[in-house]
Amino acid sequence: RKEVEQDPGPFNVPEGATVAFNCTYSNSASQSFFWYRQDCRKEPKLLMSVYSSGNEDGRFTAQLNRASQYISLLIRDSKLSDSATYLCVALSYGNQFYFGTGTSLTVIP
Amino acid sequence: DTAVSQTPKYLVTQMGNDKSIKCEQNLGHDTMYWYKQDSKKFLKIMFSYNNKELIINETVPNRFSPKSPDKAHLNLHINSLELGDSAVYFCASSQMIAGVFQETQYFGPGTRLLVL
């Protein structure tokens, strides 16, 4: 079983739509969580950290549910430039980052 | 200024050859990593070094040998390349905090390796 699991998609949504991605992690002792964004043929880049209380950065909202061991990312008012692969990441107490396989998003004009 | 740089960006080589990929970070971080991203886009850790010491060594063939001459550099040498080694290899760095927790990672641009 993978440490971090995501729905690979693809998600195809119209501009302006709201889209949500979910991710589950298997290790209940995981300490920190992140969402990364990876554009085609580019390196992953940090989108946002995920805090227990939930956090928002502009159109992006991240939530963590430790009891159910899932993380979510909500994107409001989707832009064409949001098209990318979104990677869910869990940091274990062994100081190892576990990446999900990513969820592909395409925002359509 | 490039925070994490890798060379080369592209590497095309024959089976059986030996090749090296270099990575350098100018962020002052104390931890560096090598990841492999296969054709299915799954990003899997291979090695991690903290202050030049190996701390993570996943199940990787011993044809792969990392080397960290100092904490700003982590190189990856691959012996006897095989077709299945074709992938994108990413270097990354991060900073340990209080010896336990780490801030997030910063990735290099990747090295696209194709073994023919």
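This section reports on the structure supplied with the text.

Criteria and cut-off values
- Every residue gets a number counted from 1 within its own chain, in the order that chain's sequence is written.
- Lettering for chains starts from A, numbering for ligands starts from 1, and both go in the order in which the items are written.
- For this predicted model, a pLDDT threshold of at least 70 governs which residues receive local features, and a threshold of 80 or more governs which side-chain atom pairs are given and counted, while totals over whole chains, interfaces and linings are taken from all residues.
- The side-chain values count all of the structure's non-hydrogen atoms but skip hydrogen atoms and water molecules.
- Strands are runs of DSSP state E lasting at least two residues, helices are runs of H or I lasting at least four, and both sets are numbered from the N terminus onward.
- Note on method: radius of gyration uses C-alpha positions; expected globular size equals 2.2 Å times residues raised to 0.38.
- Buried, partly exposed and exposed residues are distinguished by accessible area as a fraction of the type maximum, computed with a 1.4 Å probe on protein chains only: under 20%, between the cut-offs, and over 50%, respectively.
- Contacts between residues were defined by any pair of non-hydrogen atoms, one from each residue, lying within 4.5 Å.
- Where accessible areas are quoted, they stem from the Shrake-Rupley method and a 1.4 Å probe; at the residue level, only the protein chains shown are allowed to cover.
- Residues scored as charged are limited to Lys and Arg (positive) and Asp and Glu (negative), so that His and the chain ends carry no count.
- Charge positions are represented by NZ for Lys, CZ for Arg, CG for Asp and CD for Glu.
- With a 1 Å grid laid over protein atoms only, a set of points is called a cavity when a 1.4 Å probe fits there but cannot get out and a pocket when it is open yet has protein on both sides within 12 Å along at least five of seven lines; lining residues have an atom within 4 Å of a point.
- Grid points are joined across faces, edges and corners, and a volume is the space filled by probe spheres set on the points.
- Any residue that is not Ala, Val, Leu, Ile, Met, Phe, Trp, Tyr, Cys, Pro, Asp, Glu, Lys or Arg is counted as polar, Gly included; the first ten are nonpolar and the last four charged.
- Here, strands pair whenever DSSP counts at least two bridges between them.
- Interaxial angles span 0 to 180 degrees and are taken between N-to-C directions of axes, which are lines fitted to C-alpha atoms, for helices over the stretch in contact.
- Buried area: the accessible surface (1.4 Å probe) lost by two parts on joining, summed over both.
- One speaks of a salt bridge when a side-chain nitrogen belonging to Lys or Arg is within 4 Å of a carboxyl oxygen belonging to Asp or Glu.
- Two N or O atoms count as a polar contact when they lie within 3.5 Å, although within protein this holds only if one can serve as hydrogen donor and the other as acceptor, and sequence-adjacent residues are included solely when both atoms are side-chain atoms.
- To qualify as a nonpolar core, a set must consist of buried Ala, Val, Leu, Ile, Met, Phe, Trp, Tyr and Cys residues joined through side-chain atoms within 4.5 Å.

This next bit is on the overall build of chain A. On a plain count of helices and strands, chain A comes out with 0 helices and 11 strands. Against the globule reference of 13 Å for 109 residues, chain A gives a C-alpha radius of gyration of 13 Å, in line with a compact fold. On the principal axes, the C-alpha backbone points of chain A span a range of 40 × 30 × 20 Å. Relative to its 109 residues, chain A shows a buried fraction of 47%. Counting contacts in chain A only where the partners sit at least 6 residues apart, residues at least 24 apart contribute 57% of the total. Of the roughly 5,100 Å² of accessible surface on chain A, a fraction of 48% belongs to carbon and sulfur atoms. For chain A, the centre of its 10 positive side-chain charges and the centre of its 10 negative side-chain charges are spaced 3 Å apart.

This brings us to the layout of surface pockets. Its boundaries defined by the atoms lining it, the largest pocket holds a volume of some 360 Å³. Contributing to the lining of the largest pocket are 18 residues, with A:C40, A:R41, B:Q37, B:K41 and B:V88 lying nearest its centre. Mapped onto the lining of the largest pocket, the elements with two or more residues apiece are β9 (84-91) of chain A together with β9 (87-94) and β13 (111-115) of chain B. Top contributing element to the lining of the largest pocket by residue count: β9(B), with 3 residues. Looking at the lining of the largest pocket, its residues break down into 6 nonpolar, 6 polar and 6 charged.

Residues and elements named next belong to chain A. On the basis of which strands lie adjacent, the open sheet formed by 5 strands has the order β1-β3-β8-β7-β6 and antiparallel pairing. With one partner strand each, in any of the chains shown, β1 (4-6) and β6 (55-57) form the two edges of the open sheet. Pairs of neighbouring strands in the sheet enclose a mean axial angle of 20 degrees, with direction left out of account. Examined bridge by bridge, β1 and strand β3 (residues 19-25) share 3 bridges and lie antiparallel to one another. Bridge assignment links E5 to a residue of β3, and that residue is T24.

Here we come to the interface of chain B and chain A. Listed by partner, the interface residues are 24 residues for chain B and 18 residues for chain A. For the pair chain B and chain A, the summed buried surface comes to about 1,800 Å²; carbon and sulfur atoms form 55% of the total. Viewed at the interface, chain A and chain B are joined by 0 salt bridges. Viewed at the interface, chain A and chain B are joined by 3 residue pairs in polar contact (both at pLDDT 80 or more).

Formed by 23 residues in total, the largest nonpolar core has its most connected members in A:F21, A:W35, A:I71, A:L73, A:I75, A:Y86 and A:L105. Mapped by element, the contributors of at least two residues to this core are β3, β4 (32-38), β5 (45-50), β7 (60-65), β8 (70-75), β9 and β11 (103-108) of chain A. In this structure A:F21 touches A:F11, A:W35, A:I71, A:S72, A:L73, A:I75, A:Y86, A:T103 and A:L105, once residues within four positions along its chain are discounted. Residues B:C23, B:C91, B:L113 and B:V115 belong to the second largest nonpolar core, which totals 19 residues.

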